[in-house]
Amino acid sequence: MTPRFDLIGTAVTDMARTLDFYRRLGLDIPPGAESEPHVEVTLPGGVRLAWDTVDTIRSFDPDWTPPTGSPRMNLAFRCADPTEVDRWYAELTEAGYHGHRKPWDTFWGQRYAVLHDPDGNGVDLFAPLPG
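Bear in mind the structure is a predicted one, so any value in this text is a computation, not a measurement.

Rules used throughout
Residues numbered from 1 in each chain as written. Predicted model: local features only at pLDDT ≥ 70, side-chain atom pairs only at ≥ 80, totals over all residues. Heavy atoms only, no water. Helix = DSSP H or I, 4+ residues; strand = E, 2+ residues; numbered from the N terminus. Buried < 20%, exposed > 50% of the residue type's maximum accessible area, 1.4 Å probe, protein only. Contact = heavy atoms within 4.5 Å. Areas by Shrake-Rupley, 256 points an atom, 1.4 Å probe, with all protein chains shown as cover. Salt bridge = Lys/Arg side-chain N within 4 Å of Asp/Glu carboxyl O. Pairing = 2+ DSSP bridges. Axes fitted to C-alpha atoms, helices over the stretch in contact; angles between N-to-C directions.

### Section: the overall build of the chain
Working step 1: Counting secondary structure elements, the chain contains three helices and seven strands.
Working step 2: In sequence order, the secondary structure elements of the chain are arranged as β-α-β-β-α-β-α-β-β-β.
Working step 3: Structurally, the chain occupies a C-alpha span of about 50 × 40 × 30 Å along its principal axes.
Working step 4: Every one of the 131 residues in the chain was classed for burial, and the buried ones make up 37%.
Working step 5: Residue pairs in contact within the chain that sit at least 24 positions apart in sequence constitute 49% of those at least 6 positions apart.
Working step 6: With the model as given, the accessible surface of the chain reaches about 8,100 Å², and the carbon-plus-sulfur share is 53%.

### Observations regarding the pattern of salt bridges
Working step 1: Here the structure, examined in full by the defined rule, presents nine salt bridges.
Working step 2: Of the charged contacts in the structure, one is a salt bridge between Asp 6 and Arg 48, with a shortest N-O distance of 2.2 Å. Pair noted here: Asp 6 is in the segment before strand E1 (7-12) and Arg 48 is in strand E3 (residues 48-53), with a separation of 42 residues, a long-range link.
Working step 3: In this structure, Glu 91 and Arg 87 form a salt bridge, with 3.3 Å as the shortest nitrogen-oxygen distance. With Glu 91 and Arg 87 both in helix H3 (residues 82-94) and four residues apart, the pair spans about one turn of that helix.
Working step 4: Using a relative accessible area of 29% as the deciding quantity, one classes Glu 91 as partly exposed.
Working step 5: Note on Arg 87: relative accessible area 37%, which makes it partly exposed.
Working step 6: Linked through salt bridges whose partners overlap, the residues forming this network are Arg 4, Asp 6, Glu 40 and Arg 48.

### Side note on the pairing of strand E2 (residues 38-42)
Note on strand geometry: in a regular strand, side chains alternate between the two faces of the sheet.
Working step 1: Side chains Val 39 and Val 41 of E2 all project onto a buried face; the interleaved residues His 38, Glu 40 and Thr 42 project onto a face where none is buried.
Working step 2: Of the pairings in the sheet, the one linking E2 to E3 comprises five bridges and is antiparallel in character. Directly across from Thr 42, in E3, lies its bridge partner Arg 48.
Working step 3: What sits between E2 and E3 in their antiparallel hairpin is a turn of five residues, with Gly 45 showing a positive phi close to 100 degrees.

### Some points on the sheet that holds strand E4 (residues 74-78)
Working step 1: Sheet architecture is open: four strands sit in the order E4-E7-E6-E5, paired in mixed fashion. The two strands at the open ends of the sheet, each matched to only one other strand, are E4 and strand E5 (98-105). With direction set aside, neighbouring strand axes in the sheet form an average angle of 15 degrees.
Working step 2: With five bridges connecting them, E4 and strand E7 (residues 122-128) associate as parallel partners. Within the sheet, the bridge partner assigned to Asn 74 lies in E7 and is Gly 122.

The values reported here are purely geometric and, on their own, carry no functional implication.
Rendered as C-alpha cells:
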C-alpha cells in the first residue's frame, strides 16, 4: 500500500483565537476544544485538519522553532460566489484577523482574497467569476 494523504497539521500559539478563526470559516470544531493541546477535525472528503500548541510540538521536538517569513503553503476555502469572498474577507478582518490581500478578480477567472490565521498561515478565499 502506498501512503495516503490524511492530515494537515499546524502549530498554534493561541489555540482559542485560532479555533475562533476557523469556526468563523464554518469548520465544525467541538465546543471546549480551546483548552486542548491538540485539536483535529475531519473535513468533507476525509482529510483531517489539526492544530497543536507550541508546547505540544516541543514535547516531541524540543528544538522546534517557528518558521519566519511568508507562508509557503495556504489553505484555500471555496466560497459560494464572488460576493461571499468579499463578505468573508470583511467579516474576518473586522474581527481583527490579518487581511493580506484584499479581494480581487484574478486572470484565471476567480474572485480571490488572502488572509493570515493568528499564526501567520495563509488562508485563501475564492469563488469562480460568472461567465
